[in-house]
Amino acid sequence: MNDLYLLNSVWIVLGAILVIFMQGGFILLEAGSTRMKNAGHIAGKVIFTFSMASIVFWAVGYGFIFGEQANLFVGLSDFFYSGYEIEGSNYATTAFFLFQLAFAGISLTIAFGGFAERAKLSVYIIFSILFSVAIYPVIAHWIWGGGWLAEHGKQDFAGSTVVHLTGAMAALAATLLLKPRIGKYNRDGSSNNLAGHNQVYTALGVLILWIGWFGFNAGSTLGVDDGFFGYVALNTNLAAAAGAISALFISWIVLGKADVPTMLNGALAGLVAITASCAFVETWASVVIGLIAGILVFYSVRFFDRLKIDDPIYALSVHGAAGIWGTLSTGFFATPELATVGQAGIFYGGGFTQLGVQALGIITSGLYAFAVVFVLLLVMKFAMGGLRVTEDEEIAGLDISEHGSYGYPEVFVSKDSETA
Amino acid sequence: MNDLYLLNSVWIVLGAILVIFMQGGFILLEAGSTRMKNAGHIAGKVIFTFSMASIVFWAVGYGFIFGEQANLFVGLSDFFYSGYEIEGSNYATTAFFLFQLAFAGISLTIAFGGFAERAKLSVYIIFSILFSVAIYPVIAHWIWGGGWLAEHGKQDFAGSTVVHLTGAMAALAATLLLKPRIGKYNRDGSSNNLAGHNQVYTALGVLILWIGWFGFNAGSTLGVDDGFFGYVALNTNLAAAAGAISALFISWIVLGKADVPTMLNGALAGLVAITASCAFVETWASVVIGLIAGILVFYSVRFFDRLKIDDPIYALSVHGAAGIWGTLSTGFFATPELATVGQAGIFYGGGFTQLGVQALGIITSGLYAFAVVFVLLLVMKFAMGGLRVTEDEEIAGLDISEHGSYGYPEVFVSKDSETA
Amino acid sequence: MNDLYLLNSVWIVLGAILVIFMQGGFILLEAGSTRMKNAGHIAGKVIFTFSMASIVFWAVGYGFIFGEQANLFVGLSDFFYSGYEIEGSNYATTAFFLFQLAFAGISLTIAFGGFAERAKLSVYIIFSILFSVAIYPVIAHWIWGGGWLAEHGKQDFAGSTVVHLTGAMAALAATLLLKPRIGKYNRDGSSNNLAGHNQVYTALGVLILWIGWFGFNAGSTLGVDDGFFGYVALNTNLAAAAGAISALFISWIVLGKADVPTMLNGALAGLVAITASCAFVETWASVVIGLIAGILVFYSVRFFDRLKIDDPIYALSVHGAAGIWGTLSTGFFATPELATVGQAGIFYGGGFTQLGVQALGIITSGLYAFAVVFVLLLVMKFAMGGLRVTEDEEIAGLDISEHGSYGYPEVFVSKDSETA
């Protein structure tokens, strides 16, 4: 085995570790963006659903995406993977497997945004299995596993469409069916800010996601051969930074206050947007993509709020709107030389034709994720006597109602005893 | 120096960094699993005792384990290590040193579980020195340093016995001598749930430990030569995931509630269990080992509770019971081909003979750790006027009584002023 | 491209990731060391100012430091860096760029210590741009970019002077101009402890910083050629550990209580101190440097408090006093053989001549940072109608007054509603 093979494998495993670490970022981001009474539920479900995603990916997900016996729709071999003998040519297949497993976990975690603070635990668990079996692997096969979108030349370097848009469209279907949280919208049509309970969590969560994104994007080079991964990491950093800056200033200008959650969303939007194009664009373009993503996410949040679509963790705006922007931006900003350098043989044409293919990928992937999740949840709604906890349970919080204990027991016990 | 040597060294240093990061996981896990009044004490002691473990390991621990002048019981050279000139043949010795130092720190942190929320700070500090001098290095020498258990063929790939069982048995001795926390058990024999104060901390702590375990297990290959480390990381991930899933469902079935702390313990139990065998078993076996570990930890926690052995941070169940299961499971599930691939020359026989050696290792190591810690603490009990803080101090919390300031001063000040 | 080039690049990118992760440590350290009413502001500003530092570094900072067209004072090319074609000889230039960007971000974050809990957001944002344009790059050029101090032989392996002292001197200028926080000092000259609100945050923050410092110091080898980076990491760990231990015991002896914040400062002081010399000294010297740093930081905190210089996050003591000690200690403890091994051709003389050059570097760099920041802030004070928020805003907290929402909304809302 040569040294480059081993170095590539180390790089990919490091990437996988960083992407799995993003689950820690989501624990903080999601728990911090919601209320204290649901904090244990949300933090715990991240661990649990990443676990579920891992086992399902091992059992069937990897096979559906990358199975050698495949059609254009889905792969059909390599289930219950046990690959210690199988070796890829440029890196260890096990390293690649773990890296892909981590991606599947992220997409599921994003989808949770549509369920937050009101879905039954049992509903979300069954959804997490269905999503990991029938949604994510199908789209991943289409684009990364040699499926029909790959055949049409669809580019998605590190998963703007595959991971982020898929998760966001599932979240959209869920939040439409679940309806807004109690207290979110008033009868007169105005909306209340059900503020997240801990901005230190959310800020630290964003920083951890930022760190993890170096694995997400720079790890997606799947090799160190040309020393290009450092450039991808740099582009990633610049877009995140630009997104934070533009989001803070747009909120300051429009609202008169430098809003912290908006700024944090801006950083994430920059990260999501650059995910598609980090290997194809120059640094100045990364800055521009990030700046636009930061402004876009601010208006997108307001847009969904005006439509009365409740999006507690901003999944629709951060992963959806910024994901679409990122995928399209590849068409606008890609530099042909870079595309060649960065992709070792994958030609990237740029221009309007490419833009059309990108759009086709967004529309078909997004529609598939949305429609299938919508139907599955509709079936579950009837089969399981509704998707939501009862009104009393929602008001009491999912920690106590779904798990039998508070995430912050001393806070709630002391409140209770004060009331009594 | 050839490239493979350097790449191995990078991999080992990365492993060391990940294992040291596990101390951050323990800060969150231990502080989150206990009450607010002890949070600063517990978080601070992690930093302090890792510091102590580091200095003692440098001064004498490394020499006791790996010193070239050695007998079957303990090594006797290489104290006050300053090894910039000494180079190993496959990797830099300094990298290996730091990796081993990190392991010593983890074992000590596990042992704290038996002292939590009631031991005097001075007692725990002296214990931390004694443990780092006389407990951990001895067992590590027996199994990893060429001592008598190594000579009998005892396998412990990444420390199920050396790190986890040793820590857990020390915790058992401590908790038996210290007696349960005030309020834990009622006169009628029933037990109260002194719930941990922050499940976001514990969930994030588990995620950080999970991440760190990639260094713990996959780093224990001590080299990247065969590209096998990715496989070890994959097995680690699968066992953790399986443990979380089985633990959640067993609690749901038995208690009627999907208990978050149980699920988190399940993930950790899966990680502890796979630590012994991650390089020797196929992926399906990792899943089975994890599933069983998750169920085991649920019943183990109930078992210790019924015995009125107070185990605030579940060290006995997570690191003890799951550690024993993991060590034995190597005997059940090891695949000979893998053992050869994974261990580069270390033959692993499997079967009943090996099972016997594994059991011998567990029993002798466990007994040594338990008995010596028990005696040392008994001596300290008399020499230091007891191991516990006073009843008033325990009720007030160790933050204020042992350190003179609250970990959450605004919470306690406002509570106090409300009372006044 | 050869394998060593690629391995060096991976190591440097890993170092950059670890250093950027330190911003997460600062989120926790800075928010935890201050009060609840400012927590969202402080956590958010870390993300925002790292973003600002990133963009400014990309636009002009890198060029000022390392631009090929340079004089002794500052570099003058390579602005708006887009370096995918430019390749260094030992590692990818993009990797080096990201690593240096991360350092610039750390120095700015340290400087915040002088503004904490009372500076206007607008003031700090403008300062963050000015610092990133005119302070940090100039000193970095002097010492690392071939400027006049480099020509005089000034050593600063990983930035004791460039990063830590520069940040601390900026913080000193700021805190002198801003004056102490309301309630910090009484009319009779005594001082109040405005205790940080969360020691779990601060302890975890220190652990994350500790982890990140492996990238900071061991990454500063900028290559793995001689396998020396493991040794640097080991020295880093030993100094941090020694600092925590000596700080805890000095506080215990002097105050009668084992003070947690002091111990945490001790670990950081050990890290800051070893930053200058980690590649030049033997392990025993690292322990001694750390032990002294831990004691020094305890007395330094008391010293600044007695001078009524308010230093909420201990920047002056941890990064200033310990930074000076670290830079000087290189002169005392450097081992000539190590200096040669560790620096691949950079001769390190040691002894009094070197000590003189080290002192010259400290004095000139410190003076430049202090004086220029002082003047800039003085100008801003007049131009912007003062540097501080109003008394009412400070009492209400910067979360609500500068950002329009609380970092912990449920805590403050419930308090408010109780009052009402």
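Numbering of residues starts from 1 in every chain and runs along the sequence as written. Think of it this way: whatever chain is written first is A, whatever ligand is written first is 1, and the rest follow in order. Local features are withheld for residues below a pLDDT of 70 in this predicted model, meaning they are given only at 70 or higher, and side-chain atom pairs are given and counted only at 80 or more; totals for whole chains, interfaces and linings count all residues. Side-chain metrics in this entry use all non-hydrogen atoms of the structure; hydrogen atoms and water are not considered.

The name given to chain A in an unreviewed UniProt entry is Ammonium transporter, with the source organism recorded as Fredinandcohnia quinoae. Its UniProt record gives chain A the following Sequence similarities (unreviewed entry) comment, quoted word for word: "Belongs to the ammonia transporter channel (TC 1.A.11.2) family." UniProt positions are given in the numbering used here, feature names are shortened, and annotations may be inferred rather than shown by experiment.

A. Geometry of the overall build of chain A. What counts as a helix is a DSSP run of H or I of at least four residues, what counts as a strand is a run of E of at least two, and both are numbered from the N terminus. In terms of helices and strands, chain A carries 16 helices and zero strands. Atoms counted for the radius of gyration: C-alpha only. Globule rule: 2.2 Å times the number of residues to the power 0.38. Expected size for 420 residues packed as a compact globule is a radius of gyration near 22 Å; at 21 Å, chain A falls within 12% of this value. Overall, the C-alpha framework of chain A stretches about 70 × 50 × 35 Å when taken along its three principal axes. Summary of the burial criterion: residues with accessible area below 20% of their type's maximum are buried, those above 50% are exposed, and those between are partly exposed, where the area comes from a 1.4 Å probe applied to protein chains only. A burial count over chain A gives 70% of its 420 residues as buried. Pairs at least 24 apart in sequence give 78% of the contacts found in chain A among residues at least 6 apart. Where accessible areas are quoted, they stem from the Shrake-Rupley method and a 1.4 Å probe; at the residue level, only the protein chains shown are allowed to cover. Carbon and sulfur atoms provide 65% of the accessible area of chain A, an area that totals close to 12,200 Å². Charge convention: Lys and Arg are scored as positive, Asp and Glu as negative, and His as well as the terminal groups of each chain are ignored. For this purpose, a charge sits on NZ of Lys, CZ of Arg, CG of Asp or CD of Glu. Measuring between centres, the 17 positive side-chain charges of chain A sit 16 Å from its 27 negative side-chain charges. Any two residues whose heavy atoms approach within 4.5 Å are treated as being in contact.

B. Representation of unusual backbone geometry. Unlike most non-glycine residues, Lys179(A) shows phi in positive territory, near 70°. Overall, the relative accessible area of 45% leaves Lys179(A) in the partly exposed class. We note that Tyr314(B) has phi near 60°; this positive angle belongs to a residue other than glycine. Structurally, Tyr314(B) can be placed in the loop between helix H10 (283–306) and helix H11 (315–333). Judged by relative accessible area, which is 22%, Tyr314(B) ranks as partly exposed.

C. Just the interface of chain B and chain A, in detail. Each partner contributes residues to the interface: chain B has 59 residues there, and chain A has 54 residues. Summed over both partners, the interface of chain B with chain A buries about 4,600 Å², with 76% contributed by carbon and sulfur atoms. Between N or O atoms, a polar contact is any pair within 3.5 Å; within protein, one atom must be a potential hydrogen donor and the other a potential acceptor, and residues adjacent in sequence are included only when both atoms are from side chains. Summed over the shared surface of chain B and chain A, the result is 13 residue pairs in polar contact (both at pLDDT 80 or more). For the side of chain B that touches chain A, the secondary-structure elements that each account for two or more residues are helix H1 (3–32), helix H7 (199–218), helix H8 (229–255), helix H9 (260–277), H10 and helix H12 (336–343) of chain B. When grouped by side-chain class, the residues that make up the side of chain B that touches chain A number 41 nonpolar, nine polar and nine charged. Buried area counts how much accessible surface, traced with a 1.4 Å probe, disappears from two parts once they are put together, with both parts' losses summed. Amino acid classes used here: Ala, Val, Leu, Ile, Met, Phe, Trp, Tyr, Cys and Pro are nonpolar; Asp, Glu, Lys and Arg are charged; the rest, including Gly, are polar.

D. Summary view of the relation of the copies chain B and chain C. C-alpha atoms of residues with pLDDT of at least 70 in both copies form the basis for the least-squares superposition of the copies. The operation relating chain B to chain C is a screw motion whose rotation component is 120°, with 0.0 Å of axial translation and a residual RMSD of 0.0 Å. The operation mapping one copy onto its partner corresponds to a three-fold rotation axis.

E. The environment of Gly294(C), seen in detail. All names here are of chain C. Within the secondary structure, Gly 294 sits in helix H10 (residues 283–306). On a C-alpha basis, the gap between Gly 294 and Ser 246 in space is 5.2 Å, while along the polypeptide they are 48 residues apart. If we skip the residues at most four places from it in the chain, Gly 294 touches Gly 243, Ser 246, Ala 247, Ile 250 and Gly 266.

F. Main features of H11(B). Take the number of residues in a helix, subtract one, and multiply by 1.5 Å to get its expected span. Here H11(B) is 19 residues long and its end C-alpha atoms lie 25 Å apart, about the 27 Å a rise of 1.5 Å per residue gives. Extensive coverage of H11(B) is indicated by the burial of 16 of its 19 residues.

G. Molecular detail of the pattern of salt bridges. Here, a salt bridge means any Lys or Arg side-chain nitrogen found within 4 Å of an Asp or Glu carboxyl oxygen. A complete count under the given rule lists 18 salt bridges over all chains for this structure. Between Arg181(B) and Glu117(B) there is a salt bridge whose closest N-O contact spans 2.4 Å. Pair noted here: Arg181(B) is in the loop between helix H6 (160–178) and H7 and Glu117(B) is in the loop between helix H3 (93–111) and helix H4 (121–144), with a separation of 64 residues, a long-range link. Of the charged contacts in the structure, one is a salt bridge between Arg388(B) and Glu394(B), with a shortest N-O distance of 2.6 Å. On the basis of relative accessible area, Arg388(B) is assigned to the partly exposed category, the value being 23%. Under the relative-accessibility criterion, Glu394(B) is labelled buried at 4%. In the salt-bridge network here, residues are joined through shared partners; they are Arg35(A), Glu117(A), Arg181(A) and Asp310(A).

H. Here's a closer look at empty space enclosed by the protein. A cavity here means a set of 1 Å grid points, computed over protein atoms only, where a 1.4 Å probe fits but cannot escape. A pocket is an open set with protein on both sides within 12 Å along at least 5 of 7 lines, and lining residues have an atom within 4 Å of a point. Grid points are joined across faces, edges and corners, and a volume is the space filled by probe spheres set on the points. Counted according to the given criterion, the structure contains twelve cavities of 30 Å³ or more. In this structure, the largest cavity spans a volume of roughly 170 Å³. Around the largest cavity, the lining comprises 15 residues; the ones closest to its centre are Leu18(A), Phe21(A), Leu18(B), Leu18(C) and Phe21(C). Of the residues that constitute the lining of the largest cavity, the class distribution is 15 nonpolar, no polar and no charged.

I. Quick look at the packing of helix H7 (residues 199–218) of chain A against helix H1 (residues 3–32) of chain C. The geometry of H7(A) relative to H1(C) is characterised by a closest axis approach of 9 Å and an angle of 175° between their N-to-C directions. Classified by the interaxial angle, the pair formed by H7(A) and H1(C) is roughly antiparallel. Across the interface between the two elements, Val200(A), Ala203(A), Leu204(A), Leu207(A), Ile208(A), Ile211(A) and Phe214(A) from H7(A) touch Ile17(C), Ile20(C), Phe21(C), Gln23(C), Gly24(C), Ile27(C), Leu28(C) and Ala31(C) from H1(C). Under this scheme, a helix contributes an axis fitted over its contacting stretch, all axes are lines through C-alpha atoms, and angles between N-to-C directions fall in the 0 to 180 degree range. Should an angle fall under 35 degrees it is taken as roughly parallel, and over 145 as roughly antiparallel, whereas 65 to 115 is taken as roughly perpendicular and any remaining angle as oblique.

J. Representation of the relation of the copies chain B and chain A in the model. Note on the identical chains: chain B maps onto chain A by a rotation of 120° and an axial translation of 0.0 Å, with an RMSD of 0.0 Å. Take the interface residues of chain B: only 10% of them recur as interface residues in chain A, which is what a contact between different surfaces looks like.

K. Looking closely at the packing of aromatic side chains. Working definition: a ring pair exists when centres of Phe, Tyr or Trp rings (six-membered ring for Trp) sit within 6.5 Å. Plane angles under 30 degrees give stacked, over 60 give edge-to-face, the rest tilted. For the structure shown, the criterion picks out 114 aromatic pairs over all chains. Relative to Phe96(B), the ring of Phe66(B) has its centre 5.0 Å away and its plane inclined at 70°; by these criteria the two rings are edge-to-face. Of this pair, Phe66(B) sits in helix H2 (residues 39–66) while Phe96(B) is found in helix H3, placing the two residues 30 residues apart along the sequence. Across this residue pair, the class does not change: Phe66(B) and Phe96(B) are buried. Joined through ring pairs, the aromatic side chains of Phe57(A), Tyr62(A), Phe66(A), Tyr81(A), Tyr91(A), Phe96(A) and Phe97(A) make up one cluster. Only Lys NZ and Arg CZ are tested; either one counts as a charge over a ring when it is within 6 Å of the ring centre and within 35 degrees of the ring normal. Just above the ring of Tyr185(B) sits the side chain of Lys184(B); from NZ or CZ to the centre is 5.8 Å.

L. Structural context of a nonpolar patch on the surface. All names here are of chain A. Excluding any residue in a salt bridge, patches collect residues exceeding 30% relative accessible area, merging like charges within 9 Å and nonpolar Val, Leu, Ile, Met, Phe, Trp and Tyr side chains within 5 Å. A grouping of Phe 249, Ile 253, Val 254, Leu 255, Ile 295 and Tyr 299 is seen on the molecular surface, where their side chains present a nonpolar patch of about 530 Å² in accessible area. Looking at the nonpolar patch, the elements that each hand over two or more residues are helix H8 (229–255) and helix H10 (283–306). For the nonpolar patch, the leading source of residues is H8, giving four residues. Among the secondary structure elements, Ile 295 is positioned in helix H10. In this structure Ile 295 comes out as partly exposed when scored by relative accessible area, which is 35%.

M. A look at helix H6 (residues 160–178) of chain A. Residues and elements named next belong to chain A. Over its 19 residues, H6 extends 25 Å from the first C-alpha to the last, a length consistent with the 27 Å expected when each residue adds 1.5 Å. Of all 19 residues that make up H6, 18 are buried, and the element is covered over most of its length. Of the residues one or two after H6, Lys 179 is the one with positive phi, at around 70°.

N. Region of the structure containing the interface of chain B and chain C. Contacts between the two partners involve 54 residues from chain B, matched on the other side by 59 residues from chain C. Between chain B and chain C, a total of about 4,600 Å² is buried, with carbon and sulfur atoms accounting for 76% of that surface. Counting across the chain B and chain C interface gives 13 residue pairs in polar contact (both at pLDDT 80 or more). Among the elements of the structure, H1, H2, H3, H4, helix H15 (398–403) and helix H16 (409–419) of chain B are those that each provide at least two residues to the side of chain B that touches chain C. Along the lines of polarity and charge, the residues of the side of chain B that touches chain C split into 34 nonpolar, 16 polar and four charged.

O. Here's a closer look at the packing of helix H3 (residues 93–111) of chain C against helix H4 (residues 121–144) of chain C. Residues and elements named next belong to chain C. Two elements in contact, H3 and H4, have axes whose closest approach is 10 Å; the angle formed by their N-to-C orientations is 125°. Comparing their axes, H4 and H3 come out oblique. At the point where H3 passes H4, the crossing takes the right-handed sense. Here Gln 100, Phe 103, Ala 104, Ser 107, Leu 108 and Ala 111 of H3 lie close against H4, whose contacting residues are Tyr 124, Phe 127, Ser 128, Phe 131, Ser 132, Tyr 136 and Trp 144. In the contact of H3 with H4, the residues fall into nine nonpolar, four polar and no charged. Helix crossings are classified by the rotation of the near helix relative to the far one: an anticlockwise turn of less than a right angle makes the crossing left-handed, while a clockwise turn makes it right-handed.

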